[in-house]
Amino acid sequence: MSTTTSYTPVVSIIGFHHARGPEVEHWIGVENENNISEWPLLPFLALADGAHFAEEDFSYFTLKHEAESGPKTLFGISCTRQLDSNELIDRPADVTRSTVQKAVVVIASNPTFFFGHLKQQLSAVTTAWFAQRYGNSSTFLQA
């Protein structure tokens with residue numbers, strides 16, 4: 001597979017549900033849901049098992065993307081954080097565990113964007129998001 005320079009980066013919010021495991025909560029920059037349906041393992045790559053052992057953690061991964069010109073390799077980075085669920089401003093009823101774990105994910109066509117600058121920005125965005133203490137991404141994204 002080759003990389004592509006025409007892929008517009010997208011952002012995703014991945015959350016951990018106590019009964020279903022990691023799942024996509026929200027997409028930003030996705031016009032057509034078919035463009036992302038080819039990534040059923042994305043939540044597991046972005047919110048890795050054991051992420052709850054660190055205050056902040058990063059995962060790097062690749063994804064296959066079926067473009068008109070053929071398959072392409074995309075690159076993902078996720079920043080995972082957790083928050084004590086008692087600190088949530090509006091605790092959803094389905095939050096039954098002591099912590100809420102979420103990851104902010106960026107998927108792009110060029111891995112060089114992920115080293116250094118983007119990693120720092122992703123950390124800052126994730127930290128700011130958790131400082132708001134919202135229980136779900138839709139509440140945060142509307143604020």
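Note that the structure is a prediction, hence the values are computed from the model and not measured.

Draft legend 1. Expanded view of the pairing of strand 3 (residues 21-28). With seven bridges joining them, strand 2 (residues 10-17) and strand 3 adopt antiparallel strand pairing. What sits directly across from G15, in strand 3, is E23. Following strand 2, the chain reverses through three residues before pairing antiparallel with strand 3.

Draft legend 2. Layout of a nonpolar patch on the surface. Together, L41, F44 and L45 give the surface a local cluster of nonpolar side chains, amounting to about 300 Å² of exposed area. Secondary-structure assignment places L41 in the loop between strand 3 and helix 1 (42-46). Assessed through its relative accessible area of 55%, L41 is described here as exposed.

Draft legend 3. Molecular detail of the nonpolar core. Formed by 15 residues in total, the largest nonpolar core has its most connected members in I14, W27, W39, L42, V105 and I107. For this core, the secondary structure elements donating two or more residues are strand 2, helix 1, strand 4 (56-67) and strand 6 (99-108). Ranked by the residues each element gives to this core, the list is headed by strand 6, at three residues. Counting eleven residues, the second largest nonpolar core, distinct from the first, contains F58, I77, C79 and V104.

Draft legend 4. Just the packing of aromatic side chains, in detail. Counting across every chain of the model gives one aromatic pair. Their ring planes at 45 degrees and their centres at 6.2 Å tell us that W27 and W39 sit as a pair that is tilted. Within this pair, whereas W27 is found in strand 3, its partner W39 is found in the loop between strand 3 and helix 1, the two being separated by twelve residues in sequence. Each member of the pair W27 and W39 is classed as buried.

Draft legend 5. Quick peek at the pairing of strand 5 (residues 70-84). Within strand 5, twelve of the 15 residues are buried, which leaves the element mostly enclosed by the surrounding structure. Bridging between strand 4 and strand 5 involves twelve bridges; their strand directions are antiparallel. Following the sheet pairing, S59 is matched in strand 5 by S78. Hairpin connection between strand 4 and strand 5: a loop of two residues separates the two successive antiparallel strands.

Draft legend 6. Structural context of the side chain of T80. For T80, the location among the structural elements is in strand 5. Of the polar contacts made by the side chain of T80, one reaches the backbone oxygen of A46; its length is 3.4 Å.

Draft legend 7. Inspection of helix 2 (residues 117-131) at higher detail. In a regular helix each residue adds 1.5 Å, so 15 residues correspond to 21 Å; helix 2 covers 21 Å between its end C-alpha atoms and thus fits that length. All of the buried residues along helix 2 are L118, L122, S123, T126, W129 and F130. Projected down its long axis, helix 2 shows its buried positions confined to an angular sector of 135 degrees, all on one face. In helix 2, the exposed positions that point more than 90 degrees away from the buried face belong to H117, Q120 and A131.

Draft legend 8. View of the environment of I77. Along the chain, the position of I77 falls in strand 5. We classify I77 as buried; its relative accessible area is 0%. It is 7.3 Å that separates the C-alpha atoms of I77 and A46, two residues lying 31 residues apart in sequence.

Draft legend 9. The arrangement of the confidence of the model for the protein chain in detail. The share of residues in the protein chain with pLDDT of 70 or more is 71%, and the mean pLDDT across the chain is 76. Here residues 138-143 is a poorly scored stretch, pLDDT under 50, and it has seven contacts once near neighbours within four places are set aside; other chains count.

Rules of the game
Residue indices follow the written sequence of each chain, beginning from 1 at its first position. Per-residue local features of the predicted model are confined to residues with pLDDT of at least 70, and side-chain atom pairs are confined, for both listing and counting, to 80 or more; whole-chain, interface and lining totals are unaffected and use all residues. Side-chain descriptors were evaluated using all non-hydrogen atoms of the structure, hydrogens and water having been removed beforehand. Between any two strands, at least two bridges found by DSSP are needed for them to pair. Working definition: helices are DSSP H or I runs of at least four residues, strands are E runs of at least two. Numbering for both runs from the N terminus. Within this analysis, patches are made of residues with over 30% relative accessible area and no salt bridge. Like charges are joined at 9 Å or less; nonpolar side chains (Val, Leu, Ile, Met, Phe, Trp, Tyr) at 5 Å or less. The accessible surface values rely on the Shrake-Rupley method and a 1.4 Å probe; as for residues, cover is taken only from the protein chains in view. One side-chain nitrogen of Lys or Arg within 4 Å of one carboxyl oxygen of Asp or Glu is enough to make a salt bridge. Summary of the burial criterion: residues with accessible area below 20% of their type's maximum are buried, those above 50% are exposed, and those between are partly exposed, where the area comes from a 1.4 Å probe applied to protein chains only. By convention a nonpolar core is built from buried Ala, Val, Leu, Ile, Met, Phe, Trp, Tyr and Cys residues, the set being connected through side-chain atoms within 4.5 Å. Stacked, tilted and edge-to-face pairs are distinguished by plane angle, under 30 degrees for stacked and over 60 for edge-to-face with tilted covering the rest, among Phe, Tyr and Trp rings (Trp via its six-membered ring) whose centres lie within 6.5 Å. Polar contacts, as counted here, are pairs of nitrogen or oxygen atoms within 3.5 Å of one another; within protein the pair requires one atom able to donate a hydrogen and one able to accept it, and residues that are adjacent in sequence qualify only if both atoms are side-chain atoms. A helix is expected to span 1.5 Å for every residue after the first. To be clear, the arc concerns the directions from the helix axis to the C-beta atoms. For every residue, the pLDDT score states the predictor's confidence, bounded by 0 at the bottom and 100 at the top. When checking whether two residues touch, look at their non-hydrogen atoms; a contact exists if any pair is within 4.5 Å.

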